[in-house]
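# Descriptive structure summary
Listed below, chain by chain, are the residues.
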Amino acid sequence: MSDRLPGGEVPPVRRRLSADDRRRQLVGIGLAKIVEKPIQDLSLDDIAAEAGISRGLLFHYFPTKTDFYLACIAAAGRRMLRTTAPDPDLPGEAQVEEITRLMVEQIERRRDFYLALVHGHAVADPRASEVMDSVRDGSTDRVVLALGVPGSQRDVVRAWWAYTEDRALTWSAVPTGERPVSLEGLVAECVAALHALLRISP
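Quick caveat, the model's predicted, so the values are computed rather than measured.

Before going further, it helps to spend a moment on helix α7 (residues 128-147). For α7, built from 20 residues, the straight-helix expectation of 28 Å at 1.5 Å per residue is met to within 8% by its first-to-last C-alpha distance of 30 Å. Three or more residues of α7 are buried, namely Ala128, Val131, Met132, Val135, Arg136, Gly138, Ser139, Thr140, Val143, Val144 and Ala146.

Structure (structure tokens):
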């Protein structure tokens, strides 16, 4: 008996995934869909179907819908830190400029998702805010390391990131041709604000 489908196509070989690989697969599907719609609107039926499993099996890997959403949000936070990492071979000042530009670009591309994270609308669970905290902490540590900022001023750098995020969210809400400042101009203003804050802080 032939294993070929009508038309001569060979059916795909179904591979049994380990539990970790299956979780990664499901989160990867969720991450791809976050680009298209708010995370709270994701259909778990669609996620399971794309993974080739039942909705019930999805809940074997993630006990609740919130657990799945939080896993997707955490993965998005890790990806955000990866995509905003500076070139370590650049001088410190250039690294800070690059981190800032990459973060502004990231916020512009994923503005709705980022806005939901900042204001806690993505998932009604306090653990969601931990993702935003981890992104800010990671970005803060990069700036502190690049500029050699003393530990006593770390909180200043972290607060500056909140300012930069707000500037980027406001800037990206304006249509491209109507923005009062270019990307390069915005980055320069934010970096200048950082140095001003560091100068006046003890």
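Tracing the chain through its elements places serine 152 in the loop between α7 and α8 (154-172). Residue classification places serine 152 among the exposed positions, given a relative accessible area of 60%. Distance from serine 152 to proline 202, taken between C-alpha atoms, is 7.8 Å for residues 50 residues apart in sequence.

Relative to each other, α8 and helix α9 (residues 183-200) sit at 155°, their axes nearing to 10 Å. When the axes of α8 and α9 are compared, the pair comes out roughly antiparallel. Seen from above, α8 lies across α9 with right-handed handedness. Within the contact between the two elements, α8 uses Val156, Val157, Trp160, Tyr163, Thr164, Arg167, Ala168 and Trp171 and α9 uses Leu183, Leu186, Glu189, Cys190, Val191, Ala193, Leu194, Leu197 and Leu198. Residue composition of the contact of α8 with α9, by class: 14 nonpolar, one polar and two charged.

Definitions and cut-offs
- Throughout this document, residue positions are counted from 1 along each chain, in the order its sequence is written.
- A pLDDT threshold of at least 70 governs which residues receive local features in this predicted model, and a stricter bar of 80 or more applies before side-chain atom pairs are shown or counted, although totals over entire chains, interfaces and linings include all residues.
- Based on all heavy atoms of the structure, the side-chain values leave hydrogens and waters out of the count.
- A helix here means a DSSP run of H or I that spans at least four residues, while a strand means a run of E at least two residues long, and both kinds are numbered starting from the N terminus.
- Residue count minus one, scaled by 1.5 Å, sets the expected span of a helix.
- When a residue's accessible area, from a 1.4 Å probe over protein chains only, is under 20% of the maximum for its type it is buried; when over 50% it is exposed; and in between it is partly exposed.
- Lines fitted to the C-alpha atoms define the axes, with helices restricted to the stretch that makes contact. Angles between their N-to-C directions range from 0 to 180 degrees.
- For classification, angles of less than 35 degrees are called roughly parallel, those exceeding 145 degrees roughly antiparallel, those between 65 and 115 degrees roughly perpendicular, and all remaining angles oblique.
- In this scheme the handedness of a crossing depends on how the near helix is turned from the far one: anticlockwise by less than a right angle means left-handed, clockwise means right-handed.
- By definition in these notes, contact holds between two residues if any of their heavy atoms fall within 4.5 Å.
- Gly is put with the polar residues, along with every residue not named as nonpolar or charged; the nonpolar set is Ala, Val, Leu, Ile, Met, Phe, Trp, Tyr, Cys and Pro, and the charged set is Asp, Glu, Lys and Arg.

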